[in-house]
Amino acid sequence: MIVCHCNRLTANDIGDAVECLKSNCANPDLCPDNVYGELGACPRCCNCFPLAEATIREAELRFISKSQLTSPTPLSAENRIS
Ligand code: FES
């Protein structure tokens, strides 16, 4: 699905950029400007921003879910066997 017609950016492109930004920094600024910049693009008319922001949020949630599935959860003190 095309999200940004000016730059021909798809939802998958945006998802890839979000994943890259989240992988390189714990708390990146995921505004459309930064995400588009990661893709070598630059906003023009900005009409796509509402859809881009929703797509970025979805991609961020997918990244967080995937990270939680792959990283081990440390045991809390009360759950440890001593
Ligand atoms: S549609 Fe994305 S900047 Fe114009």
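Please refer to the structure placed before this passage.
Residues numbered from 1 in each chain as written. Predicted model: local features only at pLDDT ≥ 70, side-chain atom pairs only at ≥ 80, totals over all residues.

1. Comments concerning the overall build of the chain
Phase 1: Within the chain, the secondary structure is distributed over three helices and two strands.
Phase 2: Starting at the N terminus and ending at the C terminus, the chain contains elements arranged as β-β-α-α-α.
Phase 3: Burial status across the chain gives 21% buried among its 82 residues.
Phase 4: A sequence separation of at least 24 residues applies to 52% of the contacts in the chain between residues at least 6 apart. (Helix = DSSP H or I, 4+ residues; strand = E, 2+ residues; numbered from the N terminus. Buried ≥ 20, exposed ≤ 12 C-beta atoms within 10 Å, placed from the backbone. Contact = placed C-beta atoms within 7 Å.)

2. Thoughts on the packing of helix H1 (residues 11-24) against helix H3 (residues 49-70)
Phase 1: Relative orientation of the contacting elements H1 and H3 amounts to 50 degrees, with a least axis distance of 9 Å. Comparing the axis directions of H1 and H3 gives the class oblique. The hand of the H1/H3 crossing is right-handed. Judged by residue contacts, Ala11, Ile14, Gly15, Val18, Glu19 and Lys22 of H1 engage Ala52, Thr55, Ile56, Ala59, Glu60 and Phe63 from H3. (Axes fitted to C-alpha atoms, helices over the stretch in contact; angles between N-to-C directions. Parallel < 35°, antiparallel > 145°, perpendicular 65-115°, else oblique. Left-handed = near helix turned anticlockwise from the far one by under 90°.)

3. With respect to H1
Phase 1: Its 14 residues give H1 an end-to-end C-alpha distance of 20 Å, which sits within 8% of 20 Å, the value for a rise of 1.5 Å per residue.
Phase 2: Packing partners of the buried residues in H1 comprise strand E1 (2-4), strand E2 (9-10), helix H2 (32-38) and H3. (Expected span 1.5 Å × (residues − 1).)

4. Concerning the environment of Asp33
Phase 1: Structurally, Asp33 is set in helix H2.
Phase 2: Distance in space between the C-alpha atoms of Asp33 and Phe49 is 9.2 Å, their sequence separation being 16 residues.

5. A few points about the environment of Ile14
Phase 1: Position of Ile14 relative to the elements: it lies in helix H1.
Phase 2: Given 27 C-beta atoms within a 10 Å radius, Ile14 is considered buried.
Phase 3: Between the alpha carbons of Ile14 and Pro32 there is a distance of 9.0 Å; along the sequence they are 18 residues apart.
Phase 4: Discounting residues that sit within four places of it in the chain, Ile14 has contacts with Val3, Leu9, Val35, Ala52, Thr55, Ile56 and Ala59.

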